Each structure stands twice: as C-alpha cells, then as structure tokens.
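Inside the fold
The lines below spell out each chain.
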Amino acid sequence: MDTAVKQPPVPVGALSAAARRNLVMATIGFGLTFWAWNLIAPMAGGYKERLGLSSFEQSLLVAVPVLVGSLGRIPVGALTDKHGARLMFPLISALTVVPVLLLIPAKNSYGAMLAVGFLLGLGGTTFAIGIPLVNSWFPPAGRGLALGVFGMGMGGVALSGYFTPRIAEHGDNLPFLVVAAALVVYAALAAVLVSDRPDHPVPTASLAHRLGDAGRLRVTWELSALYAIGFGGIVAFGVYLPTYLKTWYDLSPTDAGTKAAGFALVTVVFRPIGGWLSDRIHPALVTAAALGLAALMAIVQAFDPELAPGGTIALLCMAAGLGTASGSVFALVSQVTPQAKVGSVTGIVGAMGGLGGFVPPLVMGAIYSAKGSYSIGFMLLSDLALAGCVYAYGRMRGLQRQ
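This one's a predicted model, so the numbers in the text were calculated from it and none came from an experiment.

A separate point is the overall build of the protein chain. In terms of helices and strands, the protein chain carries 16 helices and two strands. By the compact-globule yardstick of 21 Å for 402 residues, the protein chain fits well, its C-alpha radius of gyration being 20 Å. Principal axes of the C-alpha set define a box for the protein chain whose edges measure 60 × 45 × 35 Å. Here the protein chain holds 402 residues, and the buried ones make up 59% of them. Nonlocal contacts in the protein chain, meaning residues at least 24 apart in sequence, comprise 86% of its contacts between residues at least 6 apart. Summed over all atoms, the accessible surface of the protein chain reaches about 15,000 Å², with 71% contributed by carbon and sulfur.

Take a look at the structure:
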C-alpha cells in the first residue's frame with residue numbers, strides 16, 4: 001500500500017543554502033531544548049539538601065524528564081513525518097517554555113518537582129524532529145557527517161552542566177528565566193527560518209499505522225538496542241555524573257558541573273566524528289570499535305581510580321566512545337530506512353536511546369544506597385557496551401548500504 005505522496009523535485013542549486021540553514025537551525029534548537037531538558041540535574045544536589053531527599057529520590061528526580069522525553073520521541077517523530085519540522089520545531093520549543101517557568105514555583109516541593117519534571121520531558125523530544133529534517137536535506141554521501149553535526153546539539157547537556165549552576169549563583173530563578181527567554185526567541189526564528197524540503201514524501205497513512213510499520217522492521221529494534229547503549233550512556237552520565245562526582249570525589253556542585261560539562265563536550269565533539277567515519281567505513285564497524293572502547297574504560301572506572309589523572313582519562317575516553325557510537329548508529333539509520341519512515345523509526349530508536357539513559361541513574365543511586373559503591377554500576381555498563389560491540393560487528397556489518 002502506498003503511504004506517501006511525492007512532491008515535485010527541488011532544483012539542485014537551491015539545495016545547499018537551504019540545507020545548511022536548516023542544519024544550523026535544527027542544531028541550535030536541539031541544543032536549547034536539551035539545555036531545558038537537563039535543567040534539574042545540575043541543581044539536583046541543592047534540591048537534595050533543601051528537600052531532604054535520599055540518593056534514590058534524587059536519582060528519580062533527574063531521571064523523570066529523561067523517561068518522558070524518550071517516550072515522547074515516538075509520537076513526535078511520527079508527527080514530524082506527517083506535519084514537517086517547520087511546524088514541530090517552533091511548536092515544541094514554545095511549549096517547553098511552560099515547564100521551564102513552572103520549575104520556579106515548584107522548587108520547594110518534591111511532588112511538584114516530579115510533576116514539572118514530567119512536563120519538562122517535552123524538551124527531549126526535538127531529537128526526533130531534527131533527524132528527519134536533516135536527513136531529507138542532505139545526500140547520502142554526506143548524510144552521516146550532517147547528522148553528526150546535528151547531534152552536537154546534545155551539547156545542550158554540557159551547556160546546562162556548566163552554565164546553570166553559575167547563573168544560579170546570581171539568583172535561584174535566573175537560569176529558568178534565561179532558558180525560557182532563549183526558547184521564546186528560538187521558536188520565533190524557527191517559525192521563519194526552518195523549512196521542510198518541498199519534495200519530501202508526505203505519508204498519508206494514520207499515525208498508528210506508520211508506527212506499526214516502523215515497529216515491524218527488525219532493524220528498528222537492532223538499532224534501538226545499540227543506541228540505548230551509546231546515547232543512553234551519554235544521557236545517563238549527563239544527568240548523573242554531577243551527583244557521582246560530588247558524592248564519590250567530594251567535589252563542590254560547581255566543580256562537579258564543570259567536569260560533567262567536559263564529559264558532555266567530548267561526546268558532542270566525537271558524535272560528528274562518528275558520522276564522518278561512517279561515511280567512509282561501514283557504520284557498524286565504527287559502532288563496534290566505539291562501544292569496545294567504552295566497555296574498556298568502564299572497567300577501568302569500576303576500580304575507583306583517583307580522579308586526576310586516572311578517573312579523568314577513563315571518563316573522557318568513555319565519552320569519546322559513546323559519542324562516536326551515537327553518531328555512527330544514526331548514520332546507519334539514514335542508510336537502511338526509507339525516507340518516508342525516517343521520522344517514525346527515529347522516534348522509536350531515539351526513545352530507546354533515552355530509555356537507556358533513564359535506567360542507569362536509578363540503578364547507580366540504588367546500588368550506592370545499598371552498597372556505598374558505584375563499581376557494580378560501571379561493571380554493568382561495561383557488560384552492556386561489550387555486548388553491543390559484539391552484536392554490531394557480528395550482525396550489523398552484514399547490512400548493505402542503500
């Protein structure tokens with residue numbers, strides 16, 4: 001059954017400028033909404049002290065936006081296939097302003113913070129808007145690099161980790177006001193500057209039918225598993241690393257946030273490298289090597305090395321591996337998924353990646369509460385990364401380029 005309507009082709013000369021403009025706008029929007037999505041994590045230590053939270057309650061507080069943002073990518077990706085990024089980017093950015101501002105009155109109640117964190121998850125869904133937008137504007141030969149550049153928007157986590165506690169030093173509510181204002185400005189610009197490629201296929205089937213089609217593809221779930229390890233590891237460390245560094249290495253909230261921002265920055269830099277390598281080598285091989293590196297470094301960190309230099313080197317190398325893997329997995333998505341289904345498949349794969357980031361903070365918090373150590377958590381991460389390495393090499397490298 002034909003589920004997509006083809007539009008007239010676009011002249012080649014008009015493509016490059018529009019492609020670059022949309023890539024820039026998508027990356028900025030992704031970064032800003034990810035900053036909003038991660039607003040709670042850098043200030044979680046303060047919430048723990050103010051509200052008298054246990055380690056598990058603190059972990060749950062920072063994990064709730066991750067869960068909602070992950071699951072929300074499934075319908076948002078399918079809606080992007082149908083209605084386009086020109087509508088979805090400014091709409092989601094503008095709606096994210098609401099929970100950002102609600103963090104101000106909610107800060108003295110744990111229940112209210114959980115509820116607002118649920119709504120804040122909306123900011124994590126823009127990933128499923130940007131991937132099909134960028135994918136449609138760039139040819140296959142350069143798509144891996146373009147998607148990697150877009151993926152640098154996850155540096156919003158690094159921006160949040162570095163700037164949020166510093167801005168808060170000048171006023172408890174100031175970070176929320178700054179981020180809300182930035183989102184309003186971006187939503188207005190996106191409404192004017194973001195454009196869908198005129199000849200992109202528009203699906204005519206229902207949302208449920210399109211999600212069902214995407215869910216029946218075996219590769220959707222194989223890519224989901226790999227992305228849950230790669231990007232899930234990035235998200236998990238993005239939201240939990242400040243807590244880990246503050247608790248285990250006794251750093252101040254500002255120092256912990258700075259070092260967590262450094263981890264996130266390395267993942268941002270290596271994501272386009274993963275995409276660039278995938279344009280030249282089969283992305284499954286890139287994924288296998290990157291996850292192998294992450295597994296090795298997780299084992300090193302499980303032995304609790306001193307932060308300088310052993311722990312720092314292990315964590316930064318782990319960040320490089322996870323960032324490279326997250327870029328190479330989506331290079332693979334763009335190669336094996338029909339254009340009309342990219343949004344739907346991206347939504348599912350992105351959701352699984354985010355869910356991969358939801359579980360580890362809870363596990364780390366629970367293990368530390370029970371055992372007073374994080375070593376078991378790092379060994380579990382190494383096991384998962386090694387399993388992904390073996391599967392990517394043994395099964396995924398057999399997939400042919402389209």
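Here we come to the pattern of salt bridges. If the charged atoms of two oppositely charged side chains come close together, the side chains can form a pair. A complete count under the given rule lists one salt bridge for this structure. Arg395 is the salt-bridge partner of Glu222, the closest N and O atoms lying 2.6 Å from each other. Here the residue Glu222 occupies a position in helix H11 (residues 218-248), and Arg395 occupies one in the segment after helix H16 (375-394), the gap between them amounting to 173 residues. By relative accessible area, which is 5% here, Glu222 ends up buried. Since its relative accessible area comes to 29%, Arg395 is described here as partly exposed.

Before going further, it helps to spend a moment on a nonpolar patch on the surface. Side chains of Val98, Leu102, Phe118 and Leu119 sit close together on the surface and give an oily, nonpolar patch of about 360 Å² of accessible area. Only helix H4 (85-106) and helix H5 (110-120) provide two or more residues apiece to the nonpolar patch. Turning to its location among the elements, Phe118 is positioned in helix H5.

A cis geometry characterises the amide bond from Ala308 onward to Pro309, with omega recorded as 0°. In this model, Asp250 sits at a positive phi of 55°, which is unusual for a non-glycine residue. Locating Asp250 in the fold gives a position in the loop between H11 and helix H12 (253-278). In this structure, Asp304 is a non-glycine residue whose phi angle is positive, near 55°. Here Asp304 is to be found in the loop between helix H13 (283-302) and helix H14 (307-336).

With the rule as written, the count across this model stands at 10 aromatic pairs. Seen from their ring centres, Phe30 and Phe150 are 4.7 Å apart, and the 20° between their planes marks the pair as stacked. With Phe30 in helix H1 (residues 15-37) and Phe150 in helix H7 (residues 140-151), the pair connects residues that are 120 residues apart, well separated along the chain. Just as Phe30 is buried, Phe150 falls in that class too. An aromatic cluster is present here, built from Phe30, Phe34, Trp37, Phe127, Phe150 and Tyr227 joined pairwise through their rings.

As a further point, take the environment of Ser70. Following the sequence through the fold, Ser70 ends up in helix H3 (residues 55-83). Along the sequence, Ser70 and Ala236 sit 166 residues apart, while their C-alpha atoms lie 12 Å from each other. With residues up to four places along the chain from it excluded, the contact list for Ser70 reads Ala351, Gly354 and Leu355.

Turning next to H7. Here H7 spans 17 Å end to end across 12 residues, near enough to the 16 Å set by a 1.5 Å rise per residue. All of the buried residues in H7 are Arg143, Gly144, Ala146, Leu147, Gly148, Phe150 and Gly151.

This next bit is on the nonpolar core. One finds Val100, Phe237, Leu245 and Met318 to be the most contacted residues of the largest nonpolar core, which totals 111 residues. If you tally residues by element for this core, the top one is H11, at 13 residues. With near-sequence residues (within four places) excluded, Val100 lies in contact with Ala36, Leu39, Leu120, Phe176, Val179, Ala180 and Leu183.

Within the secondary structure layout, Tyr162 lies in helix H8 (residues 156-168). Owing to a relative accessible area of 33%, Tyr162 belongs among the partly exposed residues under this scheme. Taking the C-alpha atoms as reference, Tyr162 lies 5.0 Å from Thr258; in sequence the two are 96 residues apart. Ignoring any residue separated from it by four or fewer positions in sequence, one finds Tyr162 in contact with Gly257, Thr258 and Ala261.

So, about H12. Here H12 is 26 residues long and its end C-alpha atoms lie 37 Å apart, about the 38 Å a rise of 1.5 Å per residue gives. Looking at where H12 begins, the residue whose side-chain oxygen comes 3.1 Å from the main-chain nitrogen of Asp255 is Ser252.

At a minimum axis distance of 8 Å, the contact between H3 and helix H6 (residues 127-137) shows a crossing angle of 35°. For the pair H3 and H6, the crossing hand works out as right-handed. Counted together, Arg73, Val76, Gly77, Thr80 and Asp81 of H3 and Phe127, Ala128, Ile129 and Pro132 of H6 form the full contact between these two elements.

Let us look at the confidence of the model for the protein chain. Confidence in the prediction of the protein chain, expressed as mean pLDDT, is 82, and 90% of residues score 70 or more. The least confident element of the protein chain, judged by mean pLDDT, is strand E1 (residues 4-5) at 45; the most confident is helix H9 (residues 174-193) at 94.

For Arg197, the position within the fold is in the loop between H9 and strand E2 (202-203). Exposure remark for Arg197: the relative accessible area of 17% places this residue in the buried category. Separated by 3.2 Å, the side chain of Arg197 and the backbone oxygen of Ser136 make a polar contact.

Conventions adopted
Residues numbered from 1 in each chain as written. Predicted model: local features only at pLDDT ≥ 70, side-chain atom pairs only at ≥ 80, totals over all residues. Heavy atoms only, no water. Helix = DSSP H or I, 4+ residues; strand = E, 2+ residues; numbered from the N terminus. Rg over C-alpha atoms; globule rule 2.2 N^0.38 Å. Buried < 20%, exposed > 50% of the residue type's maximum accessible area, 1.4 Å probe, protein only. Contact = heavy atoms within 4.5 Å. Areas by Shrake-Rupley, 256 points an atom, 1.4 Å probe, with all protein chains shown as cover. Salt bridge = Lys/Arg side-chain N within 4 Å of Asp/Glu carboxyl O. Patch = residues over 30% accessible without salt bridge, like charges linked within 9 Å, V, L, I, M, F, W, Y side chains within 5 Å. Phe/Tyr/Trp six-rings, centres within 6.5 Å; stacked < 30°, edge-to-face > 60°. Expected span 1.5 Å × (residues − 1). Core = buried A, V, L, I, M, F, W, Y, C linked by side-chain atoms within 4.5 Å. Polar contact = N/O pair within 3.5 Å; in protein donor to acceptor, adjacent residues only side chain to side chain. Axes fitted to C-alpha atoms, helices over the stretch in contact; angles between N-to-C directions. Left-handed = near helix turned anticlockwise from the far one by under 90°. pLDDT = per-residue confidence, 0-100.

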